[in-house]
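Structural overview for review
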Amino acid sequence: MAAPRSFEPQCSVRRYGGEHHAHAHDFAQIFYALEGGMDLEIAGRAAFVDSACGIVIPAGLDHGYCAEHSARILVIDAPDQVGLARLRRFAVPTPWRGQVLAPQAVAERLAAVLQAPGLLARRRIDLARLTQQVQAALHEDWPTARLAALCHLSAQRFHARLVELIGQTPQAWLRGLRLDRAAQLLAAGQPLETTALACGYASASALAYALRRERGVGARDLRRALN
């Protein structure tokens, strides 16, 4: 894939169909995810991007990629230049996350990427897959170590990566999944005791307390919302 060497940096938000593709081009690219993630193979080495971790791919470097169906990837195509001549990962600042760039802001974002802190190699958390696995067994115990093992990470590294990625600790994220499911079941008319056990709470009173503390609602409120 070729582009004029003098072209202005261009930004687009791309969606992918889950297929694997590979190519090289004579301009540099910057990737990070607005939603979901993408696995890459760059010069024979595995890499990824998500909403917290971006990557700079220099001009001429062979790379393959495969993104989740739901992923939205922000891509900046930029002319080959000194600051983009080295493959590197960078930390995506929180204000950038989920933000689509206006055309007039592309050059400024490119300059900011060149100054963004670098990141060491790390393992990706496939949050969509992890969510599916946990939701399928919400009634079971999910200590952080068990969640981390599904991502092939230590508990400490998993905790750090999840906080970096979504701004929540593993147990806060898990509580959110449990309470989301409990709200759905209660709104559908399922008894509080049955719902509590299905969502990993020891008793109806434990679930009721959690709903009040975390969401400010009770089972009756949820059932009224349905009606």
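One can find the structure itself at the top, above this paragraph.
Residues numbered from 1 in each chain as written. Predicted model: local features only at pLDDT ≥ 70, side-chain atom pairs only at ≥ 80, totals over all residues. Heavy atoms only, no water.

Our focus in this paragraph is the sheet that holds strand S3 (residues 28–35). Taken together, the six strands give an open sheet; going across it, the order is S1-S8-S3-S6-S9-S10, and neighbouring strands pair in antiparallel fashion. If you trace the sheet from one side to the other, it starts and ends with strand S1 (10–14) and strand S10 (118–119), each paired once. Here strand S6 (residues 53–57) pairs with strand S9 (residues 88–91) via four bridges, running antiparallel. When the sheet's bridge partners are listed, Val-56 is paired in S9 with Arg-88. Sheet strands in contact with helix H1 (residues 106–115) are S1, S3, S6, strand S8 (72–78) and S9, and its direction is about 105° off that of S9. (Pairing = 2+ DSSP bridges. Helix = DSSP H or I, 4+ residues; strand = E, 2+ residues; numbered from the N terminus. Contact = heavy atoms within 4.5 Å. Axes fitted to C-alpha atoms, helices over the stretch in contact; angles between N-to-C directions.)

Considering the arrangement of structural elements, one finds Ala-202 in the loop between helix H6 (192–198) and helix H7 (204–215). Taking relative accessible area as the criterion, Ala-202 reaches 72% and is therefore assigned exposed. Measuring from C-alpha to C-alpha, the distance between Ala-202 and His-139 comes to 9.4 Å, with 63 residues separating the pair along the chain. (Buried < 20%, exposed > 50% of the residue type's maximum accessible area, 1.4 Å probe, protein only.)

Here we come to the pattern of salt bridges. Tallied over the full model, the rule gives 10 salt bridges. Here Arg-161 makes a salt bridge to Asp-50, at a shortest N to O gap of 2.7 Å. Residue Arg-161 is located in helix H4 (residues 155–166), and its partner Asp-50 is located in the loop between strand S5 (45–49) and S6; the two are separated by 111 residues in the primary sequence. The shortest N-O distance in the salt bridge between Arg-213 and Glu-214 comes to 3.1 Å. With relative accessibility at 48%, the residue Arg-213 sits in the partly exposed group. Overlapping salt bridges bring together Asp-39, Glu-68 and Arg-124 as one network. (Salt bridge = Lys/Arg side-chain N within 4 Å of Asp/Glu carboxyl O.)

This next bit is on H7. The end-to-end C-alpha distance of H7 is 16 Å, a good match for the 16 Å that 12 residues give at a rise of 1.5 Å each. In the segment just after H7, Gly-216 is the residue with positive phi, at about 70°. (Expected span 1.5 Å × (residues − 1).)

This part is about the sheet that holds S5. Pairing within the open sheet is antiparallel, and its four strands lie in the order S2-S7-S4-S5. A single partner strand is all that each edge strand has here, and the edge strands are strand S2 (21–23) and S5. Across this sheet, the average inter-strand angle for adjacent strands is 25°, counted without regard to direction. Relative to strand S7 (residues 63–67), S2 runs antiparallel, the two sharing three bridges. Considered in S7, the bridge of His-21 is made with Tyr-65.

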